[in-house]
Amino acid sequence: MSAQPLISLRGIGKRFGAHQALRDIDLDVAPGSVLVLIGPSGSGKSTLIRCINGLVRPDEGSLTVAGKAVDIHKESAWQALRTEIGMVFQDYALFPHLSVLRNMTLTPQRRRKLPRAQAEEQARALLAKVGLAHKAEDYPSALSGGQQQRVAIVRALAMQPKAILFDEPTSALDPETITGVLDVMRDLAREGTTMVVVTHEMGFAREVADRVVFMADGQIVEQGPPGTFFAAPQHERTRAFLSNIRSFGAADHA
Amino acid sequence: MEFDLAYLANQWPALMRGLWLTIQVSALSIVMSVTVGLCGAAIRVLQVPVVDKIVVGYVEFIRNTPLLAQLFFIFYGLPGLGLKLSLFWSGVLSLTLWAGAYQIENIRGGLETVGKGLREAAFSLGLSPWRFFRLIAAPMAVRVGLPSMLNTSISLLKNSSYLQAIGLAELTFVAIDRISMDFRTVEMFAAICVIYLALVLTLSFFASRLEYRLNTPFRT
Amino acid sequence: MTHLHATRLGALSTLATAALMTAISGAQAQSLPPLPDSIKSAGLLKAGVRCDQPPYGYKDETGKFAGVETDMAIQIATWAFGSADKIELTCVTAENRIPQLNGKKVDLLIATLGVTPERARVVDFSKPYRWGGSDMLVAKDSPIKKLDDVAGKTVIMLKGSTQAKWFEDTMPKVESLRLNTASDALQSLKQGRGDAYTHDAATLIVIAAKDPSLRLVGESFAVSDAAVGVRKNEAAWLAYVDAALDRMKAEGLYAKWVDKWVPADIRPFYTDAFTKPKPTAR
């Protein structure tokens, strides 16, 4: 990789009690690239993605974002970092007591100190972009799962982050609403948004990812560009995982 | 003895003065006890070291001792420890501490319905734990906990009648004081029961309005 | 037992009783009127007495009912039911004593109950058995030297007490702090929550004698008779109580009880209250 990575992890380890969730992870994410993390459940994907913004605090290792080292033992450092790295969750996690618009203006007003009018203007523009301008005044409970997830994505975007982390963004969705969410993510990738995506959507990975990383037992087993990764996986575990996914045809919607 | 309405009309100004004091003490104590509840629940949920143990102890102490004993402790006991509060503030403090313990539990119950997902989402947007609590968790917890918080507030209102024991001239005091001089037991107790009932119904009415408003996001 | 035996025994016991009566009472022998059925049917006397008013009615160190008025109640039970054990004593306070009586929790009150027109409207009073004045207790170094000095100050008193009524009628400008028990009042005075504590002089004398940090103002006011209270429309019971009070006086029991319950140094005040006529005061 030629350019300096936007996000760089070195020797990241995390232990939950007796369970070693992550072991000596090195990972680089180039600016403007899409990195897809795949692996069986319990492999540590979700833990790893949370180590990038400190929702799970790594025990050891180092993290560099945009050339700046993050003090992984300091909560304030994590809080500052989180305004620069957005995150989208499996269960959307919109604040149910706030309108769609308020969900999107809350942190820009509080953390980016945007004036209310400007924050709302930006929010409406983002909502329009994902086809939900008419839902601005509604409460989350009035939206379908797919609509809520699109709001969650633009809510993260409203902070103008340097990168966005996606933790299985389509796993909780009905099949018919998945497409809309994946379309939005595809658009973001096209616009050059740096993304780290944990997903089971192999179609999406094949089509959009710049690099695919396969994890098992808290370690990175294999990684590469999607073309070679899917065509010629090197490791036995990768092959087993991919053939499982294919035979179930599970999440191959895109 | 007949029910003497003229007597009640005569005593009405005194009863209204008592009512006004009851309202002042109760309103202040309700606001302060909800504040105590929010702070205590935050401390418990955020597991602030050491302090959360103190909160647990406080809640247990209040819930397992009689209110009257707490009241006498504050009014007669604290001066011995160098803190002499007026009648009014002794009353407010005892009701606040009493109801605060219950409000902590009410709000904590509400907080438990705020899932880990929302916490992660708030943190991922750069909110501090405190802001998460204030902007997200507390409003949601209050919505869920509102019925039980209302119950506690109603109990507080009714328990303000205990303050007659330290001589605070609230509604019950006025009644008992007049009865002890005029012996119009039936008239007086009937009157204050009706007044308390009206107070509680008013409080419930405002609480249901608040509940309706807080529930707006959840009606589709 | 045969009929013959019964008659003979009955005659014997009548004889014995007559002899005994002659022996103990001589010329003073006083017979009490018949005990009304409403009282008799309970099988014991339900009496309301004070529990915080030494030397009239209080509880001693072991928690037992004590005091002159308590002894009066026990004496009536003894005469009425033949045994000092046939009594159920209830602690009453200034504010709850009349409700306790009219709510039939007790059948009489011997509870520092002063005779007032308001009370006479709701209960019947026996003949007075003593008089009682009011006084004030203040801190030793208090500037209050006489009754009028409390104008504009806070006076602690008990709800429903004679003094509460008196201050309301006579000195309405005085701030009052009205509490439920004498111990609450005393505590509040010592904590400075009021400038003076007014109550029956008889009660305050005991406290002042025991506590050198306090002083009696010494101006008597609101002197009233104390009487036994019974419910309205119980004439037969009232007559019985009146007769019992007469008999106590005739047998010199009051002086005996005052000796029993009051320390020698403050005894004259109480002896006067039970035996001398009521003095005049504001």
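Residues numbered from 1 in each chain as written. Chains lettered and ligands numbered in written order. Predicted model: local features only at pLDDT ≥ 70, side-chain atom pairs only at ≥ 80, totals over all residues. Heavy atoms only, no water.

**Comments concerning the overall build of chain C**
- Along the backbone of chain C there are 11 helices and 12 strands.
- Here chain C, with 282 residues, has 51% of them falling under the buried criterion.
- Within chain C, counting contacts between residues at least 6 apart in sequence, those at least 24 apart form 71% of the total.
- As displayed, chain C has an accessible area near 12,800 Å², and 57% of this comes from carbon and sulfur atoms. (Helix = DSSP H or I, 4+ residues; strand = E, 2+ residues; numbered from the N terminus. Buried < 20%, exposed > 50% of the residue type's maximum accessible area, 1.4 Å probe, protein only. Contact = heavy atoms within 4.5 Å. Areas by Shrake-Rupley, 256 points an atom, 1.4 Å probe, with all protein chains shown as cover.)

**Details of the overall build of chain A**
- Looking only at helices and strands, chain A has 9 helices and 10 strands in total.
- Computed over its C-alpha atoms, the radius of gyration of chain A comes to 18 Å, within 12% of the 18 Å expected for a compact globule of 254 residues.
- In terms of its C-alpha atoms, chain A occupies a principal-axis envelope of roughly 55 × 40 × 40 Å.
- Relative to its full complement of 254 residues, chain A shows a buried share of 56%.
- For chain A, the share of sequence-separated contacts (at least 6 apart) that also reach a separation of at least 24 residues comes to 64%. (Rg over C-alpha atoms; globule rule 2.2 N^0.38 Å.)

**Examining the interface of chain A and chain B**
- Between chain A and chain B, the contact holds 27 residues from the first and 22 residues from the second.
- Between chain A and chain B, roughly 2,100 Å² of surface is buried when both sides are summed, and carbon and sulfur atoms account for 67% of that area.
- In this assembly, chain A and chain B are joined by 1 salt bridge.
- For the salt bridge of A:Arg50 with B:Glu120, the shortest nitrogen-to-oxygen distance reads 2.7 Å. (Buried area = accessible area lost by both parts, 1.4 Å probe. Salt bridge = Lys/Arg side-chain N within 4 Å of Asp/Glu carboxyl O.)

**Section: the sheet that holds strand S2 (residues 52-53) of chain C**
Residue and element names in this part refer to chain C.
- Reading across the sheet, the 3 strands line up as S2-S3-S4 and stay open at both edges, with antiparallel pairing between neighbours. In the strand order of this sheet, the two ends are held by S2 and strand S4 (65-66), each with one partner.
- Two strands pair when backbone bridges link them, and S2 and strand S3 (residues 57-59) are joined in this way by 2 bridges, in the antiparallel orientation. Bridge assignment links Asp-52 to a residue of S3, and that residue is Tyr-58. (Pairing = 2+ DSSP bridges.)

**As for the nonpolar core**
- A:Ile7, A:Leu63, A:Phe95 and B:Ile136 are the most contacted members of the largest nonpolar core, which totals 58 residues.
- For this core, the element with the highest residue contribution is helix H6 (residues 129-159) of chain B, accounting for 11 residues.
- Sequence-distant contacts of A:Phe95, defined by excluding residues within four places in its chain, comprise A:Asn103, A:Leu106, A:Pro140, A:Arg155, B:Leu118, B:Ala121, B:Ala122, B:Leu125 and B:Ile136. (Core = buried A, V, L, I, M, F, W, Y, C linked by side-chain atoms within 4.5 Å.)

**What about helix H7 (residues 182-190) of chain C?**
Residues and elements named next belong to chain C.
- Listing the buried residues of H7 in full gives Ala-182, Asp-184, Ala-185, Ser-188 and Leu-189. All buried residues of H7 fall inside an arc of 160° around its axis, so they share one side.
- Taken from the residues just after H7, Gly-192 is the one with a positive phi, measuring 75°. (Arc of directions from axis to C-beta.)

**With respect to the interface of chain B and chain C**
- Each partner contributes to the interface: chain B provides 23 residues, whereas chain C provides 21 residues.
- Three residues, B:Tyr76, B:Met181 and B:Phe183, lead the burial of chain B against chain C; their summed loss comes to 36% of the area buried on that side.
- If you look at where chain B meets chain C, you find 2 salt bridges.
- As a salt-bridge pair, B:Arg178 and C:Glu168 come within 2.9 Å of each other at their nearest N and O atoms.

**Brief notes about the state of the cysteines**
All names here are of chain C.
- For the structure shown, the criterion picks out 1 disulfide over all chains.
- Here Cys-51 connects covalently by a disulfide to Cys-91, the sulfurs 1.8 Å from one another. Where Cys-51 bonds to Cys-91 through sulfur, the torsion about that S-S bond is close to -85°, and the disulfide is left-handed. In this pair, Cys-51 is assigned in the loop between strand S1 (45-50) and S2 and Cys-91 in strand S5 (residues 87-92), connecting sequence segments 40 residues apart. (Disulfide = S-S within 2.5 Å.)

**Looking at the packing of helix H3 (residues 100-111) of chain A against helix H4 (residues 116-129) of chain A**
Residue and element names in this part refer to chain A.
- Two numbers describe how H3 lies on H4: the axes approach to 9 Å, and their chain directions differ by 130°. The angle between H3 and H4 falls in the class oblique. At the point where H3 passes H4, the crossing takes the right-handed sense. Residues Val-100, Leu-101, Met-104, Thr-105, Pro-108 and Gln-109 of H3 form the contact with H4, whose participating residues are Arg-116, Ala-119, Glu-120, Gln-122, Ala-123, Arg-124, Leu-126 and Leu-127. (Axes fitted to C-alpha atoms, helices over the stretch in contact; angles between N-to-C directions. Parallel < 35°, antiparallel > 145°, perpendicular 65-115°, else oblique. Left-handed = near helix turned anticlockwise from the far one by under 90°.)

**Examining the domain arrangement of chain C**
Residue and element names in this part refer to chain C.
- For chain C, the domain assignment lists domain 1 (32-131 + 225-274) and domain 2 (132-223).
- If you average the C-alpha positions of domain 1 and of domain 2, the two centres end up 25 Å apart.
- With 18 residues of domain 1 at the interface, the matching set in domain 2 holds 20 residues.
- With both chains or domains summed, domain 1 and domain 2 bury close to 1,500 Å², and 57% of this area falls on carbon and sulfur atoms.
- Taken as a group, Gln-53, Glu-95 and Phe-269 account for 27% of the area that domain 1 buries against domain 2, more than any other trio of residues on that side.
- Linking domain 1 with domain 2 are 1 salt bridge.
- Glu-118 is paired through a salt bridge with Lys-165; the nearest N and O atoms lie 3.5 Å apart.
- Inspection of the domain 1/domain 2 interface yields 6 residue pairs in polar contact (both at pLDDT 80 or more). (Domains from an automatic or database assignment. Polar contact = N/O pair within 3.5 Å; in protein donor to acceptor, adjacent residues only side chain to side chain.)

**A look at the pattern of salt bridges**
- Scanning all chains against the criterion turns up 42 salt bridges over all chains.
- Here B:Arg108 ties to B:Glu112 by a salt bridge, and the two come within 3.6 Å at their closest N and O atoms.
- A relative accessible area of 18% means that B:Arg108 is categorised as buried.
- Among the salt bridges present, the one from C:Asp225 reaches C:Lys278, with a minimum N-O distance of 3.5 Å. Of this pair, C:Asp225 sits in strand S12 (residues 221-231) while C:Lys278 sits in the segment after helix H11 (267-275), and the two are 53 residues apart along the sequence.
- By relative accessible area, C:Asp225 is classed as partly exposed at 22%.

**Points about the sheet that holds strand S2 (residues 19-29) of chain A**
Residues and elements named next belong to chain A.
- Strand order across the open sheet formed by 4 strands is S2-S1-S4-S5, with antiparallel pairing between neighbours. This sheet does not close on itself; its edge strands, each paired only once, are S2 and strand S5 (68-70). The mean angle between the axes of side-by-side strands here comes to 25°, regardless of whether they run parallel or antiparallel.
- Note that strand S1 (residues 7-16) and S2 share 7 bridges and pair antiparallel. Within S2, the residue paired with Ile-7 across the bridge is Val-29.

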